[in-house]
Amino acid sequence: CLDNGVHFILPYIIREVNKKGIKIGLTTAGITAVYLEKNHPNEFALLNDVDVSFDSPFEQEHNRNRGANIFWEAKKAIEICQKHKKSHTIVMCAMKWNFSEKHLKALVNLAKNTKSNVRINMMKPTERKHMASMVEPEQYYKGYEVLNSLCDVIDMTDPIVSGATNREDSKRCPCGRTSFRIHSITPDGKIPIAPCVYLHDFKVGDLITNNIKDLINSPQFKLFRKRNKNPQLIEKCKECDIRQICGGGCAAMAYLYRLHTSEERSLFTRDPYCSKAHSKKLSKTKVVKQGNQQLVHMDYLCTWIGTPK
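The structure contained in this document is the topic of the report that follows. None of the values given here were measured: they were computed from a predicted structure.

A few words now on the packing of helix α2 (residues 31–39) against helix α5 (residues 71–83). One way to put it is that α2 packs onto α5 with a least axis distance of 8 Å and a crossing angle of 45°. When the interaxial angle is binned, α2 and α5 end up oblique. Taken as a pair, α2 and α5 cross one another with a handedness that is left-handed. Contacts between α2 and α5 involve Ile 31, Ala 33, Val 34 and Glu 37 from the first element and Glu 73, Lys 76, Ala 77, Ile 80 and Lys 83 from the second. Residues of the contact of α2 with α5, tallied by class, amount to 5 nonpolar, no polar and 4 charged.

Dropping the structure here:
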């Protein structure tokens, strides 16, 4: 469709996906949600839930990291969700500079004041330069202890957190099991998919010409499911007593960390935040069911979602 002469196909995508009975979640810096509600209210209404991305709960810090004065857009998106009684979540990519107790308390307070959920994604080093921004192991465990104490946890798909809390009903890493990424169209007109949103090395096929079931049963997808089902095959996990809980951790984090530290490409390596490697535990935490609430990002990424107490 054309919006003021600009090619904008998101409303069309939302309509067509909704016709298939698939729940749709929007993750946005705020701009897209504000635009949709104003110009495409019918399509906005079709969204199951909205995740609004913050780099920091502090306005100046957020704007500085984004390189634009857009904190107000994020706040506006949350206000719109409140007005329409749309499920909404504040999501933050955890990095060394923003995963502090000060930031997390302020983030949870912002969520509490706006009746939002909180979602945390650990930054994955998709490029070597990202390694310098990774959360330190000590900081990782302290941060999740703070989050678990301030929130009722409603999804704990980060397998390392599940392992550190000894969560026995953990499903481990969701990649290739309940999630995949649709990649951009290639120069030769193909649209490949991958089992993990972060790992482009495992792209396969073409959504236009291939049956989706064939792609999901490809060697690339099977390899991820093999890792999930057989954590004893992961290097240094064979003798671990919690391997059935954490499953070696996040496949993307493990793969990318190994790649950037040793230039080896291996899916069967353990997550660098491994609780056994760092001799860390987290307080036992129960995952609370929120009625019939089903957020799109539940069991979709190695993530953590909570509701402020």
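Let us look at a nonpolar patch on the surface. A contiguous nonpolar patch, built from Ile 9, Tyr 12 and Ile 13 and spanning about 270 Å² of accessible area, is present on the exposed surface. Within the secondary structure layout, Tyr 12 lies in helix α1 (residues 10–19).

The first and last C-alpha atoms of α5 sit 19 Å apart over 13 residues, in line with the 18 Å expected at 1.5 Å per residue. Listed in full, the buried residues belonging to α5 are Phe 71, Glu 73, Ala 74, Ala 77, Ile 78, Ile 80 and Cys 81. In this fold, the buried residues of α5 make contact with α2, α3 (41–46), β4 (49–53), α4 (59–66) and β5 (87–94). Lys 85 occupies a position one or two residues after α5 and carries a positive phi of about 55°.

Conventions and cut-offs
Residues numbered from 1 in each chain as written. Predicted model: local features only at pLDDT ≥ 70, side-chain atom pairs only at ≥ 80, totals over all residues. Heavy atoms only, no water. Axes fitted to C-alpha atoms, helices over the stretch in contact; angles between N-to-C directions. Helix = DSSP H or I, 4+ residues; strand = E, 2+ residues; numbered from the N terminus. Parallel < 35°, antiparallel > 145°, perpendicular 65-115°, else oblique. Left-handed = near helix turned anticlockwise from the far one by under 90°. Contact = heavy atoms within 4.5 Å. Nonpolar A, V, L, I, M, F, W, Y, C, P; charged D, E, K, R; others polar. Patch = residues over 30% accessible without salt bridge, like charges linked within 9 Å, V, L, I, M, F, W, Y side chains within 5 Å. Areas by Shrake-Rupley, 256 points an atom, 1.4 Å probe, with all protein chains shown as cover. Salt bridge = Lys/Arg side-chain N within 4 Å of Asp/Glu carboxyl O. Expected span 1.5 Å × (residues − 1). Buried < 20%, exposed > 50% of the residue type's maximum accessible area, 1.4 Å probe, protein only.

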